[in-house]
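Now for the letters of each chain:
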Amino acid sequence: MNQVEILRFALRGLLANKMRSALTTLGILIGVAAVIMLVAVGEGSSRSIQQNIQRLGANTLTISPSFSGGGGGGGGGMRAPGAGGGNTGPRTQARQLSLADAKALTDRTLAPSVRSVSPVVNASSSTAAYGAASHAISQFVGTYPSYFEAVNKPVARGTYFFNDDVLAARKVVVLGQTVVEELFGAVDPIGKQISVSGVPFTVVGVLKEAGSSGMQDADDVAIAPLPAVQQSLSGFGSLGQIVVQATSAETTTSAQAEVTAILNQRHGITNDNPDFRILNQATLQETVSEATGTFTVLLAAVAAISLLVGGIGITNIMLVTVTERTREIGIRKAIGAPRSAILGQFLMEATLLSLVGGLSGVLVAFVGTRFTIAGIEPVLVPSSVVLALGVSLGIGLFFGSYPANRAAKLRPIQALRHE
């Protein structure tokens with residue numbers, strides 16, 4: 001009895017009870033689709049988070065003031081080594097970040113790994129107006145030209161401002177796409193003058209569209225020279241942040257150590273409880289990648305349980321099938337069918353059930369990844385497809401072997417006497 005005949009008998013056996021076969025494959029289908037879909041969602045989530053982090057630059061350090069009660073590091077952000085440790089003692093003279101701090105970080109001797117330093121102030125409650133249109137800008141930033149490269153905000157139209165604009169405190173501004181759409185619509189904003197809380201600013205550039213980042217619209221932003229914002233909107237107080245760009249992604253850690261040492265010395269920090277915190281984008285990205293990878297594996301493991309359940313379903317159905325077809329098995333063995341033919345037929349049936357269920361699961365998962373799930377665009381991972389399909393076939397062979405062996409071991413006389 002050749003393989004073609006075994007396949008023909010297996011197909012005939014499966015088609016004899018179409019509903020039962022369909023329900024059996026459904027368990028495998030759900031398991032395979034669940035594994036592929038959950039891995040795709042995990043991968044999509046990981047890429048989305050990494051893209052959001054990369055928008056700020058992989059070699060960027062963000063320094064923020066950190067004040068919390070008796071001296072703990074402030075909430076939010078990721079605490080860097082040596083930059084906001086545990087509460088080892090009360091802070092007696094907490095200091096805000098200043099322009100002098102930012103200038104100190106540009107010392108090439110003390111900070112050779114630092115490429116650029118951008119002091120940042122944020123003007124709160126800034127409402128911009130052009131003609132009859134007005135818009136409350138989420139982020140109105142005052143900074144230096146180096147900020148655009150450090151946080152990866154390229155200009156799509158026009159230009160950014162320059163150091164001469166900073167020195168002269170010129171009231172020029174670069175707008176994000178959302179602000180442009182709200183104020184100008186289809187009108188070219190370059191060269192136009194807007195009013196920000198009653199202060200005139202001339203638009204010199206429009207940022208490249210960045211998209212939304214979680215609940216925040218990254219395009220609802222305006223960036224102007226630091227002195228112009230301080231004079232007109234925020235006042236000459238402390239800085240909100242200092243953005244430091246390392247010379248490369250590889251020197252980010254050393255740049256962080258250099259920045260920490262300089263600020264500790266300037267702020268008189270002698271313990272592990274500084275009045276600032278440093279967000280290291282490279283370290284954050286690595287941490288997020290590890291966390292999402294673990295989460296994806298966990299999701300896949302949970303989904304794999306349904307594959308196991310599907311395999312148990314195959315065993316149950318095949319046992320029922322063997323019982324129902326005992327007399328048929330006895331007749332075939334009585335007329336000379338070898339044990340291998342009976343074994344091969346029932347193994348083929350179990351394998352076909354797994355194969356059809358697995359391929360159907362792959363198709364369902366492929367369609368499912370075309371849709372956005374909970375705000376995440378799933379990314380199909382080829383290795384998960386191969387693994388899920390391979391496991392489904394293995395489950396068919398493994399769980400189908402016991403019923404197949406049971407059928408092959410039946411003696412012809414006993415089988416023929418079965419009612």
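### Considering the side chain of Asp 220
Position of Asp 220 relative to the elements: it lies in the loop between strand S11 (216-217) and strand S12 (221-225). Reaching out from Asp 220, the side chain makes a polar contact with the side chain of His 135 at a distance of 2.8 Å. At a separation of 2.7 Å, a polar atom in the side chain of Asp 220 contacts the side chain of Ser 138. Not counting residues within four places of it along the chain, the set of residues in contact with Asp 220 comprises His 135, Ala 136, Ile 137, Ser 138, Gln 139, Thr 178 and Val 179.

### Focus on the side chain of Lys 153
Checked against the element boundaries, Lys 153 lands in the loop between helix H4 (146-150) and strand S6 (155-158). No salt bridge is formed by the buried Lys 153. Its closest oppositely charged neighbour is Asp 219, at 6.2 Å. Once you skip the residues sitting within four places of it in the chain, Lys 153 turns out to touch Tyr 147, Phe 148, Leu 207, Ala 218 and Ile 223.

### Some thoughts on the packing of aromatic side chains
Each pair of aromatic rings is reported with the distance of its centres and the angle of its planes. In the structure shown here, the tally under the stated rule is five aromatic pairs. With 5.5 Å between their ring centres and 25 degrees between their planes, Phe 148 and Tyr 160 make a pair best called stacked. Taken together, the positions of Phe 148 in helix H4 and Tyr 160 in the loop between S6 and helix H5 (163-167) put the pair twelve residues apart, joining distant regions of the chain. For Tyr 160, a relative accessible area of 37% corresponds to the partly exposed category. Taken together through their ring pairs, the aromatic side chains of Phe 148, Tyr 160, Phe 161 and Phe 162 make up a single cluster.

### Some points on a nonpolar patch on the surface
Residues Met 19, Leu 23, Leu 26 and Ile 30 make up a contiguous nonpolar surface patch of roughly 410 Å² in combined accessible area. Here Ile 30 shows up in helix H2 (residues 18-54). Classification of Ile 30 as partly exposed rests on a relative accessible area of 46%.

### Here we look at the packing of helix H11 (residues 339-368) against helix H12 (residues 382-408)
Running from N to C, H11 and H12 point in directions that differ by 150 degrees, and their axes come no closer than 7 Å. Relative to H12, the element H11 lies roughly antiparallel. In this structure, H11 crosses over H12, and the sense of that crossing is right-handed. Per-class residue counts for the contact of H11 with H12 are 16 nonpolar, eight polar and one charged.

The rules behind the values
- Along each chain, the written sequence defines residue order, and numbers are assigned to residues from 1.
- Thresholds applied to this predicted model are a pLDDT of at least 70 for local features of residues and 80 or more for the giving and counting of side-chain atom pairs; totals over whole chains, interfaces and linings are not thresholded and use all residues.
- Think of the side-chain values as coming from all heavy atoms in the structure, minus any hydrogens and water.
- Put simply, DSSP H or I for four residues or longer makes a helix, DSSP E for two residues or longer makes a strand, and each gets a number counted from the N terminus.
- Here a polar contact is recorded for every N or O atom pair within 3.5 Å, except that within protein the pair must consist of a potential hydrogen donor and a potential acceptor, and residues adjacent in sequence are included only if both atoms are side-chain atoms.
- We call two residues contacting when some pair of their heavy atoms lies within 4.5 Å.
- Only protein chains enter the calculation, and the probe is 1.4 Å; a residue is then buried if its accessible area is under 20% of its type maximum, exposed if over 50%, and partly exposed in between.
- Residues scored as positive are Lys and Arg, those scored as negative are Asp and Glu, and His as well as the terminal groups of each chain are ignored.
- A carboxyl oxygen of Asp or Glu within 4 Å of a side-chain nitrogen of Lys or Arg is what we treat as a salt bridge.
- Two rings from Phe, Tyr or Trp (for Trp, the six-membered ring) form a pair when their centres sit within 6.5 Å of each other. Planes less than 30 degrees apart are called stacked, planes more than 60 degrees apart edge-to-face, and all others tilted.
- Here the term patch refers to residues with relative accessible area over 30% and no salt bridge, with like charges joined within 9 Å and nonpolar side chains (Val, Leu, Ile, Met, Phe, Trp, Tyr) within 5 Å.
- Under the convention used here, a 1.4 Å probe and the Shrake-Rupley method define accessible areas, while residue burial counts only the protein chains that appear.
- Fitted lines through C-alpha atoms give the axes, limited to the stretch in contact for helices. The angle between two N-to-C directions lies from 0 to 180 degrees.
- Should an angle fall under 35 degrees it is called roughly parallel, over 145 degrees roughly antiparallel, and 65 to 115 degrees roughly perpendicular, with every other angle called oblique.
- In this scheme the handedness of a crossing depends on how the near helix is turned from the far one: anticlockwise by less than a right angle means left-handed, clockwise means right-handed.
- For this scheme, ten residues count as nonpolar: Ala, Val, Leu, Ile, Met, Phe, Trp, Tyr, Cys and Pro. Four count as charged, namely Asp, Glu, Lys and Arg, and the remainder, Gly too, count as polar.

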